[in-house]
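For reference, the chains in residue letters:
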Amino acid sequence: MHVGVLAIQGDFEKHIRSLQSLDSPPQTSEVRTVEDLAAIDRLIIPGGESTTVGLLLKRYGLGDAIQARAKDGMPIWGTCMGMIMLAKQVEGREQFSLSLLDITVKRNAFGAQVHSFEAPVEVKGLDEPVLGVFIRAPIVTSLGDEVETLATYQDKVVAVKQGSILGTSFHPELTADTRLHEWFVRI
Ligand code: GLN
């Protein structure tokens with residue numbers, strides 16, 4: 001098992017650390033090129049800045065390559081900015097996205113004043129809640145029939161799954177809790 005983390009920008013090192021602390025850690029690598037992508041079995045797209053990463057994915061052809069791998073069934077998990085990159089639509093914006101999750105997201109959805117907060121979030125399939133770290137986090141404002149809601153926070157959808165594509169508004173890689181990484185590696 002070889003898990004790659006998109007390493008163009010954002011908190012990719014934190015994901016690599018979480019993966020390496022699993023009970024049976026997978027091989028991990030940073031993904032910046034089409035060649036890097038070809039070597040991995042699963043991909044994590046970390047938190048960061050979606051406008052910047054979108055532009056770069058488009059410019060270097062990595063966006064097309066990720067879409068092709070997803071079509072072949074490669075599991076992908078996007079956290080925060082990563083979920084924005086996976087969404088079919090971003091509210092009020094024309095920005096590059098991978099369109100791999102049939103959802104509309106709203107960026108920075110928890111208001112101008114509260115940019116960051118932590119709260120327990122119950123995730124379908126996990127016995128105990130995770131600590132959701134929300135940093136200028138997006139929410140899912142609409143989802144297609146094939147998309148399953150995995151978690152809500154204050155009635156807002158904050159985690160979804162469509163086939164083997166996963167999106168979370170929050171950042172499990174910023175906590176010591178590796179249950180979601182464990183789960184992703186086993187999808
Ligand atoms: N607000 C950022 C964006 O829209 C996402 C923030 C994050 O990934 N923590 O790209």
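See above for the structure.
Note that the coordinates shown come from a computational prediction; the quantities given were computed from them, not determined experimentally. (Residues numbered from 1 in each chain as written. Predicted model: local features only at pLDDT ≥ 70, side-chain atom pairs only at ≥ 80, totals over all residues. Heavy atoms only, no water.)

A short note on the overall build of the chain
Rules: Helix and strand assignments follow DSSP, with helices taken as H or I runs no shorter than four residues and strands as E runs no shorter than two, numbered in order from the N terminus. Our radius of gyration looks at C-alpha atoms and nothing else; its globule reference is 2.2 Å times the residue count to the power 0.38. Buried residues are those whose accessible area, probed at 1.4 Å on protein chains only, stays under 20% of the maximum for their type, while exposed residues exceed 50% and partly exposed ones sit between those limits. The contact criterion used throughout is that any non-hydrogen atoms of two residues lie within 4.5 Å. Each accessible area is a Shrake-Rupley estimate made with a 1.4 Å probe; only the visible protein chains count as cover when residues are assessed. Asp and Glu are treated as the negative residues and Lys and Arg as the positive ones, with His and the ends of the chain left uncounted. Lysine's charge is taken at NZ, arginine's at CZ, aspartate's at CG and glutamate's at CD.
Summing up its helical and strand segments, the chain has six helices and 12 strands in all. Computed over the C-alpha atoms, the radius of gyration of the chain is 15 Å, within 12% of the 16 Å expected from 2.2 N^0.38 for a compact globule of 187 residues. Taking the principal axes of its C-alpha atoms as reference, the chain extends roughly 40 × 40 × 30 Å. Looking at the chain residue by residue over its 187 residues, the buried ones come to 53%. For the chain, contacts bridging at least 24 residues in sequence account for 66% of all contacts bridging at least 6. Surface exposure of the chain reaches about 8,800 Å², of which carbon and sulfur atoms provide 46%. In the chain, which carries 18 positive and 24 negative side-chain charges, the distance between the mean positions of the two groups comes to 5 Å.

With respect to the packing of aromatic side chains
Rules: Classification of ring pairs uses Phe, Tyr and Trp, with its six-membered ring standing for Trp, and accepts pairs whose centres are within 6.5 Å; under 30 degrees between planes counts as stacked, over 60 as edge-to-face, and the remaining range as tilted.
For the structure shown, the criterion picks out eight aromatic pairs. On the basis of an interplanar angle of 65 degrees and a centroid distance of 5.5 Å, the ring pair of Phe110 and Phe134 is categorised as edge-to-face. Within this pair, whereas Phe110 is found in the loop between strand S6 (101-106) and strand S7 (116-121), its partner Phe134 is found in strand S8 (residues 130-135), the two being separated by 24 residues in sequence. For the pair Phe110 and Phe134, a shared accessibility class is recorded, and that class is buried.

Side note on the site of the ligand
Filter applied, for reference: Put simply, a residue is near a molecule or strand once any heavy atom of it comes within 4 Å of that molecule or strand. Between N or O atoms, a polar contact is any pair within 3.5 Å; within protein, one atom must be a potential hydrogen donor and the other a potential acceptor, and residues adjacent in sequence are included only when both atoms are from side chains. Polarity classes work like this: nonpolar for Ala, Val, Leu, Ile, Met, Phe, Trp, Tyr, Cys and Pro, charged for Asp, Glu, Lys and Arg, and polar for all others, with Gly in that last group.
As a structural note, the neighbourhood of the ligand is formed by Gly47, Gly48, Glu49, Ser50, Cys80, Met81, Ile84, Arg107, Asn108, Ile135, Arg136 and His171. Contact between the ligand and Ser50: an oxygen atom at 2.7 Å from a main-chain N or O atom of the residue. For the ligand, a nitrogen atom lies 2.7 Å from a polar atom in the side chain of Asn108. Contact with the protein chains covers 94% of the free accessible surface of the ligand, which is 300 Å². Split into classes, the residues belonging to the shell around the ligand amount to four nonpolar, five polar and three charged.

Details of the environment of Leu19
Among the structural elements, Leu19 can be located in helix H1 (residues 12-20). Sequence spacing of Leu19 and Gly4 is 15 residues, and the spatial spacing of their C-alpha atoms is 9.9 Å. Apart from the residues lying within four places of it in its own chain, the contact partners of Leu19 are Val3, Val5, Pro25, Pro26, Thr28, Ile44, His181 and Val185.

Remarks on the nonpolar core
Cut-off, in case you're wondering: Side-chain atoms within 4.5 Å are what join buried Ala, Val, Leu, Ile, Met, Phe, Trp, Tyr and Cys residues into a set we call a nonpolar core.
Leu6, Leu37, Leu43, Ile45, Ile66, Ile76 and Ile103 are the most contacted members of the largest nonpolar core, which totals 31 residues. Every element with two or more residues in this core is listed here: strand S3 (42-45), helix H3 (50-59), helix H4 (62-71), helix H5 (81-86), strand S5 (87-90), S6 and strand S11 (156-162). When residues in this core are grouped by element, the largest group, five residues, is from H5. If we skip the residues at most four places from it in the chain, Ile66 touches Leu6, Leu37, Leu43, Leu57, Ile76, Leu98 and Leu100. Listed in part, the 30 residues of the second largest apolar core include Ile44, Phe110, Ala119 and Leu166.

A closer look at H4
To keep it simple, the criterion reads: What the arc covers is the set of directions going from the helix axis to the C-beta atoms.
Within H4, burial applies to Leu62, Gly63, Ala65, Ile66 and Ala70. Buried positions in H4, seen along its axis, are confined to an arc of 165 degrees and lie on one side of it. Facing away from the buried side of H4, by more than 90 degrees, are the exposed residues Asp64 and Lys71. Against strand S1 (2-6), helix H2 (34-38), S3, H3, strand S4 (76-79) and strand S12 (165-168) lie the buried residues of H4. Positioned one or two residues after H4, Gly73 has a phi angle of 100 degrees, which is positive.

Some words on the side chain of Arg107
Looking at the element boundaries, Arg107 is found in the loop between S6 and S7. Side-chain polar atoms of Arg107 contact the side chain of Ser50, separated by 3.4 Å. A polar contact of 3.4 Å, which involves the side chain of Arg107, links it to the side chain of Thr51. In contact with Arg107, other than residues within four places in its own chain, are Glu49, Ser50, Thr51, Ile84, Val90, Arg93, Gln95, Ala137 and Pro138.

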